[in-house]
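One letter stands for each residue in the lines below.
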Amino acid sequence: MARLADYFVVVGYDLDNRVEGEGQGRILQRFPEKDWEDSPFPQGIELFCQPSGWQLVPERQPASFFVAVLTDINSERHYCACFTFWEGLDSPQLKKVDAGDADEADEEPAVVQHSKLFAPKSLVVVSRLDYTEAFRNCLGLIYTVHVDGLSTPLETVIGNLLTCVIPVAGGSQIDESPVCSLDKVPQSPACDWLLACLQPGPEERENSLRTITLGAGDRQVIQTPINDALPVSGSSVAQLFRQLGIVNVLYLFCAALTEHKILFLSSSYQRLTDACRGLLAIMFPLKYSFTYVPILPGKLLEVLSTPTPFIIGVNSFFRSETQELLDVIIADLDGGTVTIPECVHISLLPEPLLQQTQTALSMVLDPELEFSDQAFPPQSMNPSALKIQDKEIRAVFLWLFARLFQGYRWCLHIIRIHPEPVIRFHKAAFLGQRSLTEDDFLMKVLDGMAFAGFVSERGPPYRATDLFDDLVANHVERIRQEEACPHKVMNHVKELAEQLFKNENPYPAVAMHKVQRPSETSQSTDQSRTPFPVLDDVAVQLFIDHAVAKLKSSPPVVKAELKSMVPSGPPLGDIVDRNGNVMANSARRLEVVRNCITYIFDNKMLEAKKLMPAVLRALKGRTARVCLTQELNQHVLQNRAVLDDQQFDYIVRMMNCTLQDCSHMDEHGIAATLLPLVTAFCRKLGAGITQFAYSCVQEHMVWTTMQFWEAMFYSDVQNHIKALYMETDDGNQVSNSQDQQDGSSNRREISALELAAEQNRLWPTLSKEMQMERVQKEESTVFSQAIHYANRMSYLLLPLDTSKNRLLRSSGLGDVESVSNSYVTNSIAGSMAESYDTESGFEDAESSDVANSVVRFINRFVDKVCNESGVTNEHLKALHTMIPDIVQMHIETLDAVHRESKRLPPIQKPKLLRPTLLPGEELVMDGMRVHLIPDGRDEATGQMGGPPLLPAEGAIFLTTYRLIFKGTPSDALVGEQIVTRSFPIASLTKEKRISVTLTMDQFVQEGLQLRSCTFQLMKIAFDEEVASDLAESFRKHLHKLRFPQHVQGTFAFTVGQSGKLVLEPKTKDKNQSLKTLSKNLVKNAKRTISRQYVGRKKEVPATWENRSNFQSELDEDEISVSEEVDQSALTLSSTIRSSDRQTMSNVVERACCRDYQRLGLGTLSNSLTRSKNEPFRISTANRMYTVCRSYPGLLIIPQNIPDSTIHRICRCYRQNRFPVVCWRHSRTKAVLLRSAGLHAKGVVSFFKSPNAPTTVPSQADSTSLEQEKYLQAIISSMPSYSESTGRNTLSGFTSTHMNTSESSDKLRQPKIGDLMKQVLGNKEDVPGTFSRGALGQKAKVISLSQPKVSGKARNSPRGKWGSIRGSGRLSAYNPDIGTRLAGKESPQPNGGPNDPLFLRQQKAYLYIIGDKAQLKGGKQDSFQQWEVIPIEVCDVRQVKNSFKKLMKACVPSSQTTEPNMSFLRLLEDSEWMTLLHRVLQVSVLVVELLDTGSSVMVSLEDGWDVTTQVVSLVQLLSDPYYRTFDGFRLLVEKEWLSFGHRFSHRGAQTLGSQSSGFTPVFLQFLDCVHQIHLQFPMEFEFSQYYLKFLAYHYMSNRFRTFLLDSDYDRIELGVLYEEKSDRRNPQVCKSVWDYIDRLNKKAPVFYNYMYSPEDEEVLRPYTFISNLKVWDFYLEETLSDGPPYDWELRSRQESLAEETAEKADTGAPKSQRHIVWPCYDNLSKVMPDAITKLLQDLQNLEAELGQTSEKWKDTWDKIKTTQRTETKLESKPSFSSSLLMSSNLSHQRRSQGVCLQDSRVGSSIKLGLDCEASATSTPVAGRPSTSTLYSQFQSTESENRSFEGILYKRGALLKPWKPRWFVLDKTKHELRYYDSRQDKDCKGVIELSDVESVTVGTPTMGAPKNVEEKAFFDLKTSKRMYNLCAQESSNAQLWMDSIQSSLSDA
């Protein structure tokens, strides 16, 4: 029984005491005055009565009621029901208030005086029971008695309230203090003022009904719950869901369980209390154990910044103060929102539980949802009443917890039974069996305080049970079967809800409430109110004393609590691995594991070795690991199993592999089952010395986790204690056991918990001695186990070599105090992370250190487990003294074992294989034994089928040129293969240390991950024999070689020298001519540089500063000649002595010059006497590199521009790279210029608006004029300009060339406007491409195309050309550029009428492709002869980052299964294809513009990256010459090398440029060429391999070609002209071009057999990303002999292979078959194409016959010429004239179609360049179009005509004989016939497999006349008979023989 109310308190406004202007409350009276012993009076009640503060108000407020909850120091909750009403203050009281206010008048000058003020007064009931309604009624009654002045005295009512006693639950009693049941109080009229109470009938006595009255004519029934373990929620849960919604409440639920801070806001106090109560109710069976304050007073708001979790309610009035809380989840009940701060991550329920819970909740709360779409919804679908709904929601959560915690009792360890049960929960096992180890939510819940309370409350096996115990034990099966079916779940929920409701309302029918309310009149009238009187405390105290005395005298009613054994429910079945790993569980794998173990113990080592790799793979699955432990267990006899060395080695390997894949939690108990085994398996090392397996399996995380050891210890203790009681019970039952023997075998084993429950039940019946004996026995059991575990732990924690102190690196628990000296033993580091007793951590690093740390770890363990399991102090002390001895003893035995184990013969490791080196390549470090670990590519790891080639064991070699791994796969099945992976050191982009655990091995090894930009990744783990300092020196050497001090340290320069690293060259220079050159340069520069420019350094590229050693003489100032240069001083003869003229004259032989002469851009004859009519000339202004260092010595400029102008112009451009001509269109004579972007100042002054006031000095002004003049000169050099008159409108423009080929030309032009649209609007209109107010200005924006042109045009915004204007001020660009560009499309694509506007527009002569960012605010020139096209350039940084991502996509460092980490996703994220698309798009645009006769100047960034790409691609697309070997070389030499692309800087080739990182601009260009090559395979003389070869060697530094940043640098180093002259070492090629020439002469490796060029063909490739392919250069891998780009290696390897083959060729015949693996073999080598093979065979035959073999190229050319002549002879080509080679068949190319080769069909698929149906080119008669060419080539290749000719064939019934062209195809094994020889379509096929016989036939009706009889023959097939007839008998015989022979062949 319990008191309904502990205290009654009256709290009022404190008029005397005001703190800081705020009112206070004070307790006026409290009853009883003295505290109850069992519940002290809670402090601070006055704060909670007015949570928002005590204030006086001018109007009377309505009375209010709420319940606050206070928690005392013993975490007991006190419910304070506050009833507040307002009383008027009389005048003397008011004066007090006024006086108080006057004191504070300084602070508040304007105090508003009210005539009457009202003060709050609260009546409070404090109780430990939560009966909100009863309290509301009782306090309301007291108030009514006071207000209405009823006759009953208030003291009586209050006295009755305080003496009312009710049962806690169902009449049962829990309190220790015996309190008499109410019905025992005698009822007599005399003591009517005492508690009046209905006398219940005897049957009701046990029921939870109590009727109480307070003696004022009232009566109310209180229903107590049947079981008080279940929370009482009323309708608060349902209300909470209504206020916040399902998802929000689930968030709060998960947040409360995972210990987050939760704050409720509402303007209603009662709602706050209800919401908090509701949240706690759904957490059942877990109990919330942190701060719980449903109503927090405003004065205590600082509580909210507490670091511990809480559930708190606060009035919305204080909302602003809750804003700055960063880690609090705020639930606003009034607004229905839950706000979760960014820094808070709430773990949600695991799926599918979350989904199922949400579904169930919505079916409860919103049953209509399910039927809302039905045509005939059921009639009554209203949700249940609120009270019922409340229970249904709670039932859903009960059901949820039953699923979350199912089987939890099977993971309880009982450590002690007597005197009190001690129980621990095995978290790891629980999570492991549920396969939820990864689940964040469950992990947090199990670690939480609430769950710890749950275990201690519900763990004991013998106690009272409740609804949850029943559910989790007996309904698991039902829940599991129904979980997928929501309706069945609902039925179950409804059943549970009914039980919950019944518990709360045992008598729903009985509801007697007779309580008076205050009358209306008394509420409305103010005057009659008297203040609440002071109560007579003596009278109230009398009541209380009287009741207490009565209760004491009456006999106590003790109701026995029903205890029973708690059912455990079904054990957890093993749930399949989360990832549904069927493979891991397959029976076949388990069989492999079992067989292997059997082989090992039967000593069949060879068999075991073969199975080993498969076993190690299988052990990744859990079942295989469990299987391994079971199998090994069977081989242990009497705790010992002695093995020989090899057996021991294999067993240890398997154990290591098993442990390695276990997590440190050991959730599947595998380490636990291995623990006894590692102390059982051993081998004899010598006399009396045994090595156990534990010394070899120490390096696993699991041994260092305290939780693992605790769980192990507890489970062992449980087993021993169980055995202890089983023995005693068996002793008593010996007699019975005989007769029960048969039956007992099928009885299931009794669980430890059941046993404990039985013992607990018997405990009270035992005698004291028996009890003591049992307690002692248990205690000593625990003690002996502790000793045992101290031994076990020392075994696994002390390393074999105690002097080494290997710290387990990957322990991850790093920050341990004592790790500071980094000498802690292998596995202790981790374990000490939680160590509290570590000393300072600076101990001597001696071997004792290992012992100390182990001792400390074991001590901590022992302390923890012994305290928890109640070991006596004496025993604990004994343990502490024993542990150091145990450890010391073990160290001594280990020393002996270690000594002996060193003497063991080492394990046979594979022999190290030597790599083949290039001539001149030398080893820097000899082979170090390493393992090559598989990376993220599937091919070599066996994921794609086939045995895994990786991991492989071998050695890594560091040479002056490459890093080479060579070894053999670890998998025995492919052990004879050789794996090679190598890459040039220069291409290394990233090196990082990793630690690797190999499957085979227990050790965690140091490793390196090396990534190269040739798309290789080497993950290597150093073998344990490699000392760590050796590995370190390897890293240093690698770094030194990768980033030499100077470019002369790279392999291209050091090749052939001794292997010592080249040191930095001295400042004294070897090259004499260079010295002179530089001196003169400086002299002349100094003489002419004007003062004001001497200090200008900003235009010089940064790298010059890094070159101090070479610039010693140039250091006086940066050379940047500015003013007029003295011409006489700079002529060739005067500047350079005769000895140096040789050097300068070499300039003329450079690529540029040869190309300029080819293009007719001027010669160097004699520049003074040259005819002036040539528009361009070759200027020598830069021959000393004074104008621009990064340009070549000779430049093409307009004829009439003097050299002096150039010096001025160049200043406007970045890096002085002014516009120069680099190519001229042979037909339109338009020129292509390149330059850098303008300097910011240059832009403004150049494009300055004419009316702007000049603020720039006149000198700059003149410069911009010069610049304009320069551009004008370029424009006037164009024939189209000089011929047209005045303003060049379109009509005039056609004069030069349009009329010559008007029709074809119009067809050739794609829509430039559209092209432009794509280029400018790339990125689909990035925000910001439109200028802010551009369209708002008066500028006229003309839509590019008619609205109905195409889908693309329709969707694009009409003002697309707005993007041309910069995004600054509205610039003065003419808005009609695009329109003019588009103006050439005279025939409208959709055939609509021409817009007259388009014809009026004119076309610019010069288009400047500029960077959008630079061209802000420029203007157009007045005559609009040039036009600026702003585009967005890809920044160099973008290229760098994109390439990094591309490398990670193509060569991932580790396997990943995440869908968003797939290859295609990563490729897309890298944006590499987008960058290619942009470059190609701009290039195609420029090609179009040039082709229409406009010149183009590409002026982007510094003019050496994107500019170079675009300019090179434009030339490649426009000029077929550049698509030949010579042309491509010339293009690269001219545009990339001479025009100063910064190869060294972008390739980060030296120490100086290391920080800038690798930026593959040239690789990007080669990729673009590869894309074009794919689309036009017949236009290139070189093959794809040629491009890959260049790509590889551009990064490899093997040749000097791609080394320095400009010609100037090359001259400076003296390498520009030496390439040809150096004949000393013919082996070493310095130039990649010479090397390619040599190779090309020998073999057709670079040649494209499909080469069949068109004359003057302009290529226009598709640039959409969908048309681009990933270059296989990025994806290929050849593990057989490394990258296939160093040819000497291939020839050497082949010769070596032949030698070894000859040696080995002794006995067995060698198979001709060879397995080709895509990632292992080099496909082009093992499966060459037919032509290469034939040429090779031809050479071999010539060699055999002793003839001098002809060069392959000559042979090829001969074949081609013969083909041509044959083709001319025959009217139609047949197979014999391989169409491939018929280059005379020049074919009309498509301007926009491209032929895609399908695998079998030669179809030509037309793809429009833009999405419009473009005008297709009409093929000229007599020239078959490309598509037919491709299709013929395709089909003829697949045909093989063995025999062909005309035969007459008799038709089917009644059809005549007809001549047909028959073809016998032996390859396809068929006989086909056609209408005629030329016919392409086959009319019929006779399968030779169906032919039964070929016989001589006879002429039949309608047979051809004049034919001999013998010419007829019949062909009989299984289907029909064919009658055939040849022209003569001999022919017929031939046919019959041929058919017969092909039949017999088959």
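What counts, and at which threshold
Residues numbered from 1 in each chain as written. Predicted model: local features only at pLDDT ≥ 70, side-chain atom pairs only at ≥ 80, totals over all residues. Heavy atoms only, no water. Helix = DSSP H or I, 4+ residues; strand = E, 2+ residues; numbered from the N terminus. Buried < 20%, exposed > 50% of the residue type's maximum accessible area, 1.4 Å probe, protein only. Salt bridge = Lys/Arg side-chain N within 4 Å of Asp/Glu carboxyl O. Pairing = 2+ DSSP bridges. Axes fitted to C-alpha atoms, helices over the stretch in contact; angles between N-to-C directions. Left-handed = near helix turned anticlockwise from the far one by under 90°. Contact = heavy atoms within 4.5 Å. Nonpolar A, V, L, I, M, F, W, Y, C, P; charged D, E, K, R; others polar. Patch = residues over 30% accessible without salt bridge, like charges linked within 9 Å, V, L, I, M, F, W, Y side chains within 5 Å. Areas by Shrake-Rupley, 256 points an atom, 1.4 Å probe, with all protein chains shown as cover. Lys, Arg positive; Asp, Glu negative; His and termini not counted. Charge placed at Lys NZ, Arg CZ, Asp CG, Glu CD. Expected span 1.5 Å × (residues − 1). Bend = angle between axes of the 7 residues up to and from the residue.

Draft legend 1. Main features of the environment of Pro-676. Tracing the chain through its elements places Pro-676 in helix H23 (residues 670–678). Looking at Pro-676, the relative accessible area reads 37%, which means it is partly exposed.

Draft legend 2. A look at the pattern of salt bridges. All chains considered together, the criterion is met by 73 salt bridges. Across the pair Glu-133 and Arg-136 runs a salt bridge whose closest N-O atoms are separated by 3.5 Å. One end of the pair is Glu-133 and the other is Arg-136, both in helix H3 (residues 132–148) and three residues apart, which spans about a single turn. For Glu-133, a relative accessible area of 47% translates into the label partly exposed. Exposure remark for Arg-136: the relative accessible area of 33% places this residue in the partly exposed category. Where Lys-444 meets Asp-440, a salt bridge forms, and the shortest distance between an N and an O atom there is 3.6 Å. Here Lys-444 and its partner Asp-440 are both found in helix H11 (residues 440–447), four residues apart, which amounts to about one turn of the helix. For Lys-444, a relative accessible area of 29% corresponds to the partly exposed category. Accessibility expressed as a relative area gives 35% for Asp-440, which makes it partly exposed. Linked through salt bridges whose partners overlap, the residues forming this network are Asp-1155, Arg-1158, Arg-1234, Asp-1519, Lys-1534 and Glu-1535.

Draft legend 3. A look at the sheet that holds strand S22 (residues 681–686). Reading across from one edge, S21-S22-S23 is the order of the three strands in this open sheet, with mixed pairing throughout. The open sheet has two free edges, formed respectively by strand S21 (641–643) and strand S23 (689–692), since each of these has just one partner strand. Within the sheet, the average angular offset between the axes of one strand and its neighbour, ignoring direction, is 40 degrees. One ladder, built from four bridges, connects S22 with S23; its direction is antiparallel. By the bridge assignment for S23, Cys-682 is matched with Phe-692.

Draft legend 4. Up close: the packing of helix H5 (residues 236–244) against helix H6 (residues 246–257). Viewed as axis vectors pointing N to C, H5 and H6 meet at an angle of 115 degrees, and their least axial separation amounts to 7 Å. Pair H5 / H6 crosses with right-handed handedness. Between H5, through Leu-240, Phe-241 and Leu-244, and H6, the contact on the second element is made entirely by Ile-246, Asn-248, Val-249 and Leu-252. Taken together, the residues of the contact of H5 with H6 break down into six nonpolar, one polar and no charged.

Draft legend 5. A positive patch on the surface, seen in detail. Residues Lys-990, Lys-992, Lys-1444 and Lys-1448 make up a contiguous surface patch of positive charge. Every element with two or more residues in the positive patch is listed here: strand S28 (988–997) and helix H48 (1436–1450). Structurally, the position occupied by Lys-1448 is in helix H48. The partly exposed category is assigned to Lys-1448, whose relative accessible area is 46%.

Draft legend 6. Quick peek at the sheet that holds strand S41 (residues 1884–1887). As summarised here, the arrangement of the seven strands in space is S41-S40-S39-S38-S44-S43-S42, forming an open sheet in which the pairing is antiparallel. Lying at the two open borders of the sheet, with one neighbouring strand each, are S41 and strand S42 (1891–1896). Pairwise comparison of adjacent strand axes, ignoring direction, gives a mean angle of 35 degrees for this sheet. Across the sheet, helix H64 (residues 1929–1945) lies against strand S38 (1843–1850), strand S39 (1857–1865), strand S40 (1870–1874), S42 and strand S43 (1912–1917), angled at about 155 degrees from S42, the strand it touches most.

Draft legend 7. Examining the side chain of Gln-389 more closely. Checked against the element boundaries, Gln-389 lands in helix H9 (residues 386–404). For Gln-389, a relative accessible area of 0% gives the class buried. Those residues in contact with Gln-389, other than ones at most four positions away along the chain, are Ala-238, Arg-242, Val-364, Leu-365, Pro-383 and Ser-384.

Draft legend 8. Representation of helix H30 (residues 873–903) within the structure. If you check H30, its first and last C-alpha atoms are 46 Å apart, about what 31 residues at 1.5 Å a residue would give, namely 45 Å. The principal kink in H30, of about 30 degrees, is found at Met-882, preceding the proline Pro-884 by one to four residues.

Draft legend 9. Focus on the side chain of His-146. If you trace the backbone, His-146 turns up in helix H3. Judged by its relative accessible area of 13%, His-146 falls in the buried class. Here His-146 is in contact with Leu-154, Thr-530, Pro-531, Phe-532 and Pro-533, once residues within four sequence places are set aside.

Draft legend 10. Looking closely at the environment of Ile-1731. Structurally, the position occupied by Ile-1731 is in helix H61 (residues 1730–1744). Between the C-alpha atom of Ile-1731 and that of Trp-1756, which follows or precedes it by 25 residues, the distance is 9.4 Å.

Draft legend 11. Representation of the pairing of S39 in the model. Of all nine residues that make up S39, seven are buried, and the element is covered over most of its length. Examined bridge by bridge, S38 and S39 share eight bridges and lie antiparallel to one another. Bridge pairing in S39 links Arg-1850 to Trp-1857. Two elements, S39 and S40, share five bridges in a ladder whose sense is antiparallel. Along S40, the bridge assignment pairs Val-1863 with Arg-1872. The hairpin formed by S39 and S40 contains four residues between the paired strands, and His-1869 there has a positive phi angle of roughly 60 degrees.

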